[in-house]
Amino acid sequence: MVPRTGDTLYDALQAAILVQEEAFEMLQDAMRDGEDATVSIRLSVHNKAIEARYKAEEMYRAELERRGMLVSWTAAAELFRRGFEVMMNRMRRLPQSMAQRCNPQNPLVSYTVLEAEMESIIATAQREYGDTDSLVPRRGGG
């Protein structure tokens, strides 16, 4: 039984998924039992269930796009790039802007420690995200 959420399109999608999965299980049972006539019928039912599921998924995706709830990969990547750029620019300025406040008697020591930590954080982020050359501006660059 598919629990109802009140979102009829989502509920229809969940029902289509359930029907397709059940049809697949029935097809597998018939194939395992070697019932050729049953396999043919259940294969036909399964194929129709797949078509219905794809159509429900397509309709659901289209409605999410219409509502502005889905973002294209390009838009998401651009949003990520802009946020990452802001963070990296601020991260790179951190040692210089904070050294005096961290150690007024010897800001060079603070600068060295902060710069090493900043470089470590950036290196870790770059390893995590792979090649970020196209995402992260370099020092002295745009």
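Cut-offs and rules
- Residues numbered from 1 in each chain as written.
- Predicted model: local features only at pLDDT ≥ 70, side-chain atom pairs only at ≥ 80, totals over all residues.
- Heavy atoms only, no water.
- Helix = DSSP H or I, 4+ residues; strand = E, 2+ residues; numbered from the N terminus.
- Rg over C-alpha atoms; globule rule 2.2 N^0.38 Å.
- Expected span 1.5 Å × (residues − 1).
- Buried < 20%, exposed > 50% of the residue type's maximum accessible area, 1.4 Å probe, protein only.
- Contact = heavy atoms within 4.5 Å.
- Salt bridge = Lys/Arg side-chain N within 4 Å of Asp/Glu carboxyl O.
- pLDDT = per-residue confidence, 0-100.

## Brief notes about the overall build of the chain
No. 1: Along the chain, the regular secondary structure elements total 4 helices and 0 strands.
No. 2: Shown N-terminal to C-terminal, the secondary structure of the chain runs as helices and strands in the order α-α-α-α.
No. 3: Expected size for 142 residues packed as a compact globule is a radius of gyration near 14 Å; at 28 Å, the chain overshoots this value by more than 25%.
No. 4: Here the C-alpha coordinates of the chain stretch approximately 85 × 35 × 30 Å along the principal axes.

## Brief notes about helix α1 (residues 8–33)
No. 1: Compared with the 38 Å implied by 1.5 Å per residue over 26 residues, the 37 Å span of α1 between its first and last C-alpha is a close match.
No. 2: Turning to α1, its buried residues number three or more, namely Leu 9, Asp 11, Leu 13, Ala 16, Ile 17, Gln 20, Ala 23, Leu 27 and Ala 30.
No. 3: Looking at the buried positions of α1, the neighbouring elements they touch are α2 (36–66).
No. 4: Remark: Gly 34 follows α1 within two positions and exhibits a positive phi of approximately 70 degrees.

## Some words on the pattern of salt bridges
No. 1: Tallied over the entire structure, the rule returns 5 salt bridges.
No. 2: Ionic pairing is found between Asp 29 and Arg 32, a salt bridge with its closest N-O pair at 2.4 Å. Highlighted residues: Asp 29 and Arg 32, both in helix α1, separated by 3 residues, approximately one helical turn.
No. 3: When the shortest N-O distance is used, the salt bridge between Glu 78 and Arg 81 registers 2.7 Å. You can see Glu 78 and its partner Arg 81 sitting in helix α3 (residues 73–102), 3 residues apart, about one turn around the helix.
No. 4: Judged by its relative accessible area of 21%, Arg 81 is partly exposed.
No. 5: If you follow the salt bridges from partner to partner, you end up with Glu 78, Arg 81 and Glu 85 in one network.

## Thoughts on the confidence of the model for the chain
No. 1: In this model, the chain carries a mean pLDDT of 85, and residues with pLDDT of at least 70 account for 90%.
No. 2: Long-range and interchain partners of residues 135–142, a stretch whose pLDDT sits below 50, account for 18 contacts in this model, where long-range means more than four residues apart.

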